[in-house]
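Take a look at the letters that make up each chain.
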Amino acid sequence: MTSAPETTAPIGMIRTDTPAIGRSMPRAETRRLLAGRGRYVDDGAPRGCLHAAFLRSPFAHARFTIADTSTAAGLSGVVAVLTAADLAPVCRPWQCRSGAFPGLVSPVQRALADGRVAFQGEPVAMVVAESRARAEDALDLIAVDWEELPAVASLAAALSAEALTHPELADNVAWRTEFGSADFDAVFAGADFVVEERFAFERKTGVSLEPRGVLAEFDPAEGLLDVRISHQMPHQLQLHIAEQLDLPIGRVRVACGDVGGGFGIKMHVYPDELATCAAAKLLGRPVKFVADRIEALATDIHAREHQVDARMAVDGEGRILGFDIHDVQGLGAYSVFPRSSTTEAMSVLRAMGGPYRFEAYRARLECLLQNKSLTGQYRSVGHPIACAVTERLVDLAAARRGEDPLAFRRRNLLPVEAMPWTNPAGGRMFELSHHACLDAMIGLVDLDAKREEVRAGRAAGRLLGLGFASFVEFTATGSQAYGAAGVKVAAGDTVVASLEPSGSVRAQASASEIGQGVRQALAQVLADGVGLDPSNVRVETGDTRTAPHGGGAWASRGAAIAGEAAWRAGRRLRGEILAAVAALVQAKPADLDIRAGEVVEVATGTPRMTLADLADLVLFRSHELPAGVRPQFTVAEQYHRDDDPFLPTNGIQAAMVEIDRATGFVRLLGHWVVEDCGRIINPLLVDEQIRGGVVQGIGEALYEACRYDAAGQFTSGTLADYLVPMAGDLPEIAIGHVETPYSGSSVGAKGAGEAGTCGAPAAILNAVNDALAPHGASLAALPIKPVSVLRALGDLGAGEAP
Amino acid sequence: MTVDEETLTITCTVNGEAVRDVVPVRRSLVDWVRHDLGLTGSHVGCEHGVCGACHVQVDGRVVRGCLMLAVQADGARVETVEGATRSGRVAVLQDCFFERAALQCGFCTPGILLQAAELLEHTPAPDRAEIRAALSGNICRCTGYQAIVEAVEEAAGRLRA
Amino acid sequence: MKPARFRYLRPETLEEALAMLAEWGDDAAVLAGGQSLVPMLNLRMAQPAVLIDVNRIAGLDRIEIIGERLHVGARARHAEVLRSATVARAAPLLALALGNVAHEAVRNRGTFGGSLALADPAAEIPAVTVCLDGAILARSSTGERRIPAASFFEGVYTTALRPEELLVGVDFAPLGPDFRFCFREVSRRHGDFALAAIAFAGRIEAGRVGECRVVFAGVEESPRRLAAVEAALAGAAVSDEQAWRAAGDGLGAVLDPIEGAEYPAAYRLLLARNLLLETRRQLEEEAAR
């Protein structure tokens, strides 16, 4: 990359080269992680730290009475056995409410259930003991009388309302909506043909390799609660802990050390985490709770349980006229606090048809309560469902016309000249590059060769398929989404940057590092913003005591939002530096530049002063400065994007699969992604982040499912049951880029973290259906199971649906 | 420590240093090195032997640290990622992981490094499929594994050179 | 997810171990490689009063030829068996199967005898031990029993081993040099337990199957030799796809596959049939080399 990000800040000159932005650079801090010197929550504990374990409901739905805790409490090493009544005085109940979902039905939730549980795994009592093992010993000694209630598990059961998730409600509907374009009926009536399909998506979850964990310490003297936690947004959590525990926000510190993966799992309010904070306050001793994998799989938020009936209307020229979608979402026992589980379904509705031009849209949505774990905003929230539905309908339409699926896409993809455009689903589309990505993908795949390989393989009896999926991912969500709905989620970010002794730059950012490399990205942006090498920039994040309030890590926002704040902070600091040096050397600021940590003359490159010397002068010998020269070497920039509620990104993925007819297994032979996330700050990090996203999408397509039986018993409770993709079962994944910088910011970056997950399931679904098509078979359920494949092929009798 | 917890005194070497400790018999090897010895580079990801984050080396072989009791290390030679780092045994792998950015959150990384080192000890020139197979007992949830495979491949080349 | 309390016993000799087993019986669990037992302990699905750790008993890990027979000590680690030149010569089927067992870190610790004693229906080692007609050596303080593999496995996680007995090893009688072996497995991911696997040993003379043994793993609750299939294949040419197909079609009458929500019995039956056909293909390919 050679072109410069334009600056909107009227500070100093605009660079014509960006030595760090766009450069593949390793992340400095990974040296520490590679040496085993990470600092994850469970890596430390203060003296006297106690360990919590939770008694969790074995039933999906039950009333209960805790008959005896004294035996457990009497066990050596046990400090406390706590129930709902014990925590009630220190922790308020909470309830999900959002202006975006008027009339949302989601009952009150508590840190510990009070007399009734609504999902298996819901915490009902808590033991605090000298060790985790001892706390678990005590769990076995708590006597509980259970009265099992009818449970709601499947979507069908939830719809029928024969059983109720919460007995006090009339039905299981948490929220419903319906909207559409005025001319919907007319447009569909005038269609040349309509393709339709019923899609089923099973629940999955994030499986951050480091499970959720929290260490809370309360200092009664100061009234200060200190919380170390593995979390994506410490500031949001600080607010909620303060509210629920009735503490002033300034008396709650939330600090994240290294976070072992998030993917949307670690951005909600969890009962066990709040209970741990409450116990620390109640007992006045440090309490640690680290979810084990069983707890993580059962109670981390799940996502993606949808049944979608979808139709797409096409005219005689093969142009998409419109979409009709009826989405039924399985929400779980409560709508997750504070962001609401319904957000996922609305994300599906907004992303439908995203890459294409169309006229008419109708969406109907039912979000259903179930006696199952809560669902929430897992990576690429809702988009993979919209993408799989849209792209499968597109393939069906192309097949109906006897047309190359890429030719059909090329005709219908939203062209550059048609943007900006707000589509009938409400998606505001601008600065997208669908056709450029399509062309790049064809080259990256070497499509003619692959198609020949498929043809030859099929002639030899192999079941080969190629599938494609264009996608739009809405990233870097603005305050129009949550803030406008009265949900206290920060959409802006702040960067505070200081020039330090020796001429290095240190910054505090409100973004969160969860492994995606945002600190490295911000260091690169700051380096270019000021004019020094990224190795001399240190960015710190994650501690509410030091970092300014901001969004953290969600919606692929680090580069787009915190990155812009970093650029502006860097430019401001640069302006302060140039003004100071100009005064010292009697030059005009405009005639000076900062290059590689040194102030030079623009025209000649002649060095005038190093940042190290300048910092030395200003920080230690300010009395020598000329009168009136009082540079501010700590600057702050807060960035809120006002104009665009989302930054849409786009791309296309391709997958090549082979179906093994002897087993029904789908083997991935290759996977390709061309995506456009605007300005790329660090290609090395972006490429592998996209690959990681693709692999989670592969999991969604082929392996991962949170299963429940009809009684609401969770049957995917271990990593031997919940299958995540492993190195031995994956293809090489090729990545290509088109760069269309966001014109509304200086850096031009959009979100990159979720694109891989967005399109991969759709591409694989289409590839599998391409392989099945010559045999008259098709599938419309994810994940694609071996048994389903063989049944579709007629190789296996129908039997009970697995 | 609580009174009714059975313990055993064990003696072993950990990262080359002689260690003597009184250990609850039910404590796993990985919990012991992490919480009692402060060697927190080995991580606990599943405690049922699937994820590989807990890998440590015992008597020269990589094992699941969550599936071995600490008392079973009595008399053994234990090496964690900290020891392998200090001795330089995994230095080339670490360089290649760093340069290739073959880690994101880093939670799986120590376990993968030890497994990759064992692979390269008996298979100095693995192809990519062999690398993938050797690492198929380690979950990485962040990368697409490709950077990891490439880093191990690069390290193998450098070690042969 | 930490184990419940247990008493930990660490015998230094076989005699000590057997005395402990005699004393504790059903209340004790034997800890060898721990790759299946320790997860069960961590999950508190197993809560034995006593854990008898047999890892310090000398000689339990021997892999050697005694007389004509291959002896694999119960505590021989999977990795050792897999790499053993002795095993490769005397019972190559074991090594073929072990390549499918879990992952390296698990193979470094898991033991041959432990896999047999656990009797997981989806495990590879019980199936090949049955296929090779291994004799399982069970010692107690009152003596030693040789239990034919064919009568050792009694169901899911259930064996003929008595509470006071310790599985100390397995003996395998040599099969002739004209035997061919095949082990093929279908597992969801690399290293996962078998959805279905086949162990085949057969004498191939002039392109025809003579005496042969066919055992599946992962299909039924316990591995067993399938006499009807072996009889159907005896005399069939390796190249005679029809004959093998007929034998495969006969599996439905022979097998009683495990029923499951995700993998129904009919699916496992289909896998078994296809594995039999793949075995034929592999034999044919090997013969052509």
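Remember, predicted model here, so these are calculated numbers, not experimental data. (Residues numbered from 1 in each chain as written. Chains lettered and ligands numbered in written order. Predicted model: local features only at pLDDT ≥ 70, side-chain atom pairs only at ≥ 80, totals over all residues. Heavy atoms only, no water.)

Novice: I would appreciate a short explanation of the overall build of chain C in the present structure.
Specialist: Scanning chain C from terminus to terminus reveals 13 helices and 13 strands. Relative to its length of 289 residues, chain C is compact, with a C-alpha radius of gyration of 19 Å against a globular reference of 19 Å. Dimensions of chain C along its principal axes, counting C-alpha atoms only, are 60 × 45 × 30 Å. By the burial criterion, 59% of the 289 residues in chain C qualify as buried. Restricting to contacts in chain C with at least 6 residues of sequence separation, those with at least 24 account for 62%. Surface summary for chain C: the accessible area is close to 11,100 Å², and the carbon and sulfur share equals 49%. (Helix = DSSP H or I, 4+ residues; strand = E, 2+ residues; numbered from the N terminus. Rg over C-alpha atoms; globule rule 2.2 N^0.38 Å. Buried < 20%, exposed > 50% of the residue type's maximum accessible area, 1.4 Å probe, protein only. Contact = heavy atoms within 4.5 Å. Areas by Shrake-Rupley, 256 points an atom, 1.4 Å probe, with all protein chains shown as cover.)

Novice: For this particular structure, what's the right way to read the pattern of salt bridges?
Specialist: Side-chain pairs of opposite charge can arise where the charged atoms are in close proximity. Counting across every chain of the model gives 109 salt bridges over all chains. With its nearest N and O atoms 3.5 Å apart, the salt bridge here joins C:R5 to A:D137. Of this pair, C:R5 sits in the segment before β1 (7–9) while A:D137 sits in helix α4 (residues 132–139), placing the two residues on different chains. Of the charged contacts in the structure, one is a salt bridge between A:R451 and A:D404, with a shortest N-O distance of 3.1 Å. Of this pair, A:R451 sits in helix α14 (residues 447–459) while A:D404 sits in the loop between α11 (383–400) and α12 (405–412), placing them 47 residues apart in sequence. (Salt bridge = Lys/Arg side-chain N within 4 Å of Asp/Glu carboxyl O.)

Novice: It is not clear to me how the packing of helix α16 (residues 558–585) of chain A against helix α17 (residues 611–620) of chain A should be interpreted in this structure. Could you clarify?
Specialist: The relative placement of two packed helices is expressed as an angle between their axes plus a distance between the axes. Residues and elements named next belong to chain A. Packing of α16 against α17 leaves a shortest axis separation of 11 Å and a crossing angle of 80 degrees. Here α16 is positioned roughly perpendicular relative to α17, judged by the angle of their axes. The segment α16 lies against α17, with I577, A580, V581 and L584 engaging L611, L614 and L617. Of the residues in the contact of α16 with α17, the class split is seven nonpolar, no polar and no charged. (Axes fitted to C-alpha atoms, helices over the stretch in contact; angles between N-to-C directions. Parallel < 35°, antiparallel > 145°, perpendicular 65-115°, else oblique. Nonpolar A, V, L, I, M, F, W, Y, C, P; charged D, E, K, R; others polar.)

Novice: Teacher, can you tell me more about helix α4 (residues 109–122) of chain B here?
Specialist: The periodicity of an α-helix, 3.6 residues per turn, causes residues three or four places apart in sequence to face the same way. All names here are of chain B. Taking 1.5 Å per residue, 14 residues should reach 20 Å; α4 reaches 20 Å between its end C-alpha atoms and fits that length. Burial of α4 is extensive: 12 of the 14 residues sit out of reach of the surface. Taken together, the buried positions of α4 are occupied by T109, P110, G111, I112, L113, L114, Q115, A116, A117, E118, L119 and L120. (Expected span 1.5 Å × (residues − 1).)

Novice: Explain helix α1 (residues 29–36) of chain B here, please?
Specialist: All names here are of chain B. The buried count for α1 comes to six of eight residues, which makes it a mostly enclosed element. Every buried residue of α1 is accounted for by L29, V30, D31, W32, V33 and R34. Those residues of α1 that are buried lie in contact with β1 (7–14), β2 (17–24) and β3 (56–58). Looking one or two places after α1, you find G38, whose phi comes out positive at around 75 degrees.

Novice: Teacher, can you tell me more about the interface of chain C and chain B here?
Specialist: You'll often see interface size given as the accessible area lost when the parts meet. Listed by partner, the interface residues are 32 residues for chain C and 29 residues for chain B. Between chain C and chain B we count five salt bridges in total. In this structure, the salt-bridge partner of B:E47 is C:K2, at a minimum N-O distance of 2.8 Å. The interface formed by chain C and chain B contains 16 residue pairs in polar contact (both at pLDDT 80 or more). Listed by contribution, the elements that provide at least two residues to the side of chain C that touches chain B are β1, α2 (37–42), β3 (50–53), α3 (78–83) and α6 (104–107) of chain C. Class assignment of the residues belonging to the side of chain C that touches chain B gives a composition of 13 nonpolar, eight polar and 11 charged. (Polar contact = N/O pair within 3.5 Å; in protein donor to acceptor, adjacent residues only side chain to side chain.)

Novice: For this particular structure, what's the right way to read the sheet that holds strand β16 (residues 320–332) of chain A?
Specialist: Strand-to-strand pairing in sheets goes through backbone hydrogen bonds, with the strands running parallel or antiparallel. Residues and elements named next belong to chain A. A sheet is described by the order of its strands in space; here six strands give the open sequence β7-β17-β16-β15-β8-β31, paired in mixed fashion. Whereas interior strands pair on both sides, the edge strands pair on one side only; in this sheet they are β7 (173–180) and β31 (781–782). Note: β7 against strand β17 (residues 360–369), seven bridges, orientation antiparallel. Looking at the pairing, F179 lines up with A363 of β17. Each of β8 (193–201), β15 (306–314) and β16 touches α11; the most contacted strand, β8, lies at about 145 degrees to it. (Pairing = 2+ DSSP bridges.)

Novice: Honestly, the sheet that holds strand β30 (residues 733–737) of chain A in this entry has me stumped. Any pointers?
Specialist: Residues and elements named next belong to chain A. Taken in spatial order, the four strands make up an open sheet running β20-β28-β29-β30, and their pairing is mixed. Pairing within the sheet leaves two strands with one partner each, and these edge strands are β20 (463–475) and β30. Strand-to-strand twist across the sheet, computed as the mean angle between neighbouring axes with direction ignored, equals 20 degrees. Bridge count for strand β29 (residues 665–676) against β30 is five bridges, and the pairing is parallel. Bridge pairing in β30 places W672 opposite A734.

Novice: How should the interface of chain B and chain A be read in this particular structure?
Specialist: In this complex, chain B contributes 52 residues to the contact, which on the side of chain A involves 60 residues. Interface area, chain B with chain A, both sides summed: about 4,400 Å², of which 56% is carbon and sulfur. By the criterion of area lost to chain A, the three top residues of chain B are B:F98, B:Q104 and B:R141, representing 20% of everything that side buries. Remark: the boundary between chain B and chain A carries 10 salt bridges. Counting across the interface, chain B meets chain A through 27 residue pairs in polar contact (both at pLDDT 80 or more). (Buried area = accessible area lost by both parts, 1.4 Å probe.)

Novice: Can you walk me through the packing of α11(A) against α12(A) in this structure?
Specialist: All names here are of chain A. Direction vectors running N to C along α11 and α12 enclose 110 degrees, while the axes themselves pass 9 Å from each other. Relative to α12, α11 is oriented roughly perpendicular. Crossing of α11 against α12: the hand is right-handed. Between α11 and α12, the residues in contact are E391, V394, D395, A397 and A398 and P405, F408 and R409, respectively. Looking at the contact of α11 with α12, its residues break down into five nonpolar, no polar and three charged. (Left-handed = near helix turned anticlockwise from the far one by under 90°.)

Novice: Looking at this structure, I do not really get the UniProt feature "domain: Aldehyde oxidase/xanthine dehydrogenase a/b hammerhead" (unreviewed entry) in chain A. What am I missing?
Specialist: Here the UniProt-annotated "domain: Aldehyde oxidase/xanthine dehydrogenase a/b hammerhead" (unreviewed entry) positions come out as residues 35–150 of chain A. Note that residues 35–150 of chain A is 14% helix and 29% strand, and that its end C-alpha atoms are spaced 51 Å apart. (UniProt positions renumbered as here; feature names shortened; annotations may be inferred.)

Novice: Please explain the packing of aromatic side chains as it appears in this structure.
Specialist: Aromatic ring pairs: the centre-centre distance and the angle between the two ring planes describe each pair. All names here are of chain A. Enumeration over the complete set of coordinates arrives at 20 aromatic pairs over all chains. Seen in terms of ring centroids, F64 and W146 are 5.4 Å apart; in terms of plane orientation they differ by 45 degrees. Their pairing is tilted. Here the residue F64 occupies a position in strand β2 (residues 62–68), and W146 occupies one in strand β6 (residues 143–148), the gap between them amounting to 82 residues. Arranged with centres 4.9 Å apart and planes meeting at 85 degrees, the rings of F101 and W175 form a pair that is edge-to-face. (Phe/Tyr/Trp six-rings, centres within 6.5 Å; stacked < 30°, edge-to-face > 60°.)

Novice: It is not clear to me how the pairing of strand β12 (residues 252–255) of chain A should be interpreted in this structure. Could you clarify?
Specialist: The side chains of a regular strand alternate between both faces of the sheet. Residue and element names in this part refer to chain A. The side-chain alternation of β12 yields two buried faces, one formed by V252 and V254 and the other by R253 and A255. Sheet topology places strand β11 (residues 224–229) next to β12; four bridges connect them, and they run parallel. Residue pairing in the sheet places R228 in a bridge with A255 of β12. On the question of chirality, the crossover connecting β11 to the parallel β12 by way of helix α7 (residues 234–244) is right-handed. (Right-handed = clockwise from strand over helix to strand, strands pointing away.)

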